[in-house]
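Overview (structure and organization)
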Amino acid sequence: MPLRVPRSGVDQHLVGVGLASLGLFDQRCRRVEAIAVLGGEFLCPGHEAGRAAFVSVDVLEHSTGPGREADAEDGADVRIRLRSGMTVRDMAAGSGDIELFNMVDAAVGDAVRPDKRLWIGAALGGNLELFKRVLELYGEPPDACGCELVVGAALGGNVGILSALAGRGWDLRATGAEGWTALHEAAYYGCGPAVEYLLGKGLSANSRESHGFTPLHCAASRGQDNVVLLLIEHGVP
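Residues numbered from 1 in each chain as written. Predicted model: local features only at pLDDT ≥ 70, side-chain atom pairs only at ≥ 80, totals over all residues. Heavy atoms only, no water.

**Describing the overall build of the chain**
Rules: Think of it this way: any DSSP run of H or I at least four residues long counts as a helix, any run of E at least two long counts as a strand, and we number them from the N terminus. Burial here depends on accessible area, computed with a 1.4 Å probe over protein chains only, as a share of the maximum for the residue type. Under 20% is buried, over 50% is exposed, and the range in between is partly exposed. Contact definition: two residues touch when any of their heavy atoms are within 4.5 Å. Exposure was quantified through the Shrake-Rupley algorithm and a 1.4 Å probe, taking into account, for residues, occlusion by the shown protein chains and nothing else.
On a plain count of helices and strands, the chain comes out with 11 helices and two strands. Going from N to C terminus, the chain has its helices and strands arranged as α-β-β-α-α-α-α-α-α-α-α-α-α. Classification of the 237 residues of the chain by burial places 48% in the buried group. The long-range fraction of contacts in the chain, counting pairs at least 24 apart against all pairs at least 6 apart in sequence, stands at 60%. Carbon and sulfur atoms make up 51% of the accessible area of the chain, which amounts to about 11,100 Å² in all.

Spelled out as C-alpha cells, the structure:
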C-alpha cells in the first residue's frame, strides 16, 4: 500500500503504517510476517523517516480470553493496542488485503472491541470489498469517525468507497484540522480519481483552508501535475 501521511484529518499513526508483505510460515501459530512502513512528516516514537520496522504478529488459533495472560507458547496477544490505540485488526483493514483481514479478524474475534480506527482503516485501504466486509461484520461507521472517514476514503483512492459513504449520508464537504477538506487532502497527495469525483459532487475547487490554501495550491506545492490540470480544467482561474 502506498505510504500516505496526511497533514490533517486522519489518525497519523493509522495512515503512517502500511502492511506491505504477507508470508505464512508456522502453520500451528499461523504466523503473519508484515512490514510496517513508518515515515513522512508524522512519526511514531523511535523511528526515523522512511525507515522500515519489521513487525511479527502471531495470529492465534484461539485468542486469549479476558483476564488471562498469554502463555509463552501462545505467541503474541492479539488484544494488544499501539500507543495510538490501533489494533492488528485495524492494521489489517488498512492493508487493503481482504484475505489478511478475514484471517486476523477471525483470530481477534470478540477479544477486542472495534472503534473508529477500523472503519477509517478500511476506507484508507482502498478495497471496496474489504470495506463492505467491515460494514457487514460491524455495522455502520460510528459518528466518531467524523471527517477522517471521508478523508481516508479519498486517500485510499477508491471512488466506490467515497460513493458508498455519500450514499450513507456522510458529508463529503466536512473539514478537519485547519479547515482541510477531503478535496484538499486528495489534491495534496495526487489522488486524481478522488479529486475528480469530489469535484463532480460539488466540492469547490476554490475552497480555502485556514491559511488560504485552495486545492490548487495544495496540488501545485507537491508537484501533482495531473491534479493541477484537473483543477484548471474544472474552471479554477
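Once the structure has been displayed, the description carries forward.
**Section: the environment of Leu165**
Along the chain, the position of Leu165 falls in helix 7 (residues 159-167). Residues Leu165 and Val150, 15 residues apart in the sequence, show an inter-C-alpha distance of 7.4 Å. Not counting chain neighbours up to four residues away, the residues in contact with Leu165 comprise Phe131, Leu149, Val150, Ala153 and Trp170.

**Concerning the nonpolar core**
Quick reminder of the rule: To define a nonpolar core, start from buried Ala, Val, Leu, Ile, Met, Phe, Trp, Tyr and Cys residues and group those joined through side-chain atoms within 4.5 Å.
Phe131, Leu149, Leu162, Leu165, Val195, Leu198 and Leu231 are the most contacted members of the largest nonpolar core, which has 53 residues in total. Apart from the residues lying within four places of it in its own chain, the contact partners of Leu198 are Ala154, Leu172, Ala182, Leu183 and Leu203.

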